[in-house]
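# Structural overview
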Amino acid sequence: MKKVFYLIACASFLLGAYKNNVADASQIPQFKGEIGHYEASNAFTNFILENQKKPVFIDAYYLPSKNNEIELTNNSFGVDFFHLWHSCFEPLKTNEMPSSLKCTGTSFSIDRGDSSKDADFTYIRSTLRVQGYFVIRGCGGPHQGSMGCTLRPLNPEDIR
């Protein structure tokens, strides 16, 4: 009987230690909402810059305007990225797409090298969705007017 109580006490202790090691979801910084270019990029970019080296929850989406101004890259190295433009220091011609020759912005790299992670980056019919837990590995720059930030996807159980 003492052995059963001892095992229950050990299990309770271990469960309590595990439970205390898992972060409360309400304590994880969250960004939810639409992202875009120019002024609409500020809230997302500031959120990323303020939470470097921290786990975060992101549920962000981008809807195209009449000019699909989002720059996306999907490469075979398991890193995808999208670029949001902050401002242009030279006027753009009618229907001219923003570029680093006339505008500043931030590239957001999503390191998808580990495909077992729940967080995801999807792009379907010009609509971008970034959703899940990520750790913001860091940001650097500016280089030729643009910053670069890397986000690494996580699973909910990775948040500790």
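Throughout this description, residue numbers start from 1 for each chain and increase along the sequence as written. For this predicted model, a pLDDT threshold of at least 70 governs which residues receive local features, and a threshold of 80 or more governs which side-chain atom pairs are given and counted, while totals over whole chains, interfaces and linings are taken from all residues. Note that water and hydrogens are dropped before the side-chain values are worked out from all heavy atoms of the structure.

## A short note on the packing of aromatic side chains
- Each Phe, Tyr or Trp ring (for Trp, its six-membered ring) is paired with any other whose centre lies within 6.5 Å, and the angle between the two planes then decides the class: stacked below 30 degrees, edge-to-face above 60, tilted in between. Considering all chains together, one arrives at six aromatic pairs under this definition.
- Ring geometry for F57 against Y133: centres 5.1 Å apart, planes inclined by 65 degrees, an arrangement best described as edge-to-face. Separated by 76 residues along the polypeptide, F57 in strand β2 (residues 55-62) and Y133 in strand β7 (residues 127-143) bring together distant segments of the chain.
- F57 sits in the buried class, given a relative accessible area of 18%.
- Joined through ring pairs, the aromatic side chains of F31, F44, F47, F82 and F108 make up one cluster. Comment: elements are numbered from the N terminus, with helices defined as DSSP H or I runs of at least four residues and strands as E runs of at least two. The rule is simple: take the accessible area with a 1.4 Å probe, protein chains only, and divide by the maximum for that residue type; under 20% is buried, over 50% is exposed, in between is partly exposed.

## What to know about the nonpolar core
- I35, F44, I48, I58 and F82 are the most contacted members of the largest nonpolar core, which totals 21 residues.
- Elements with a minimum of two residues in this core: α2 (42-50), β2, β4 (79-88), β5 (103-111), β7 and β8 (146-153). We call a set of buried Ala, Val, Leu, Ile, Met, Phe, Trp, Tyr and Cys residues a nonpolar core when their side-chain atoms join them within 4.5 Å.

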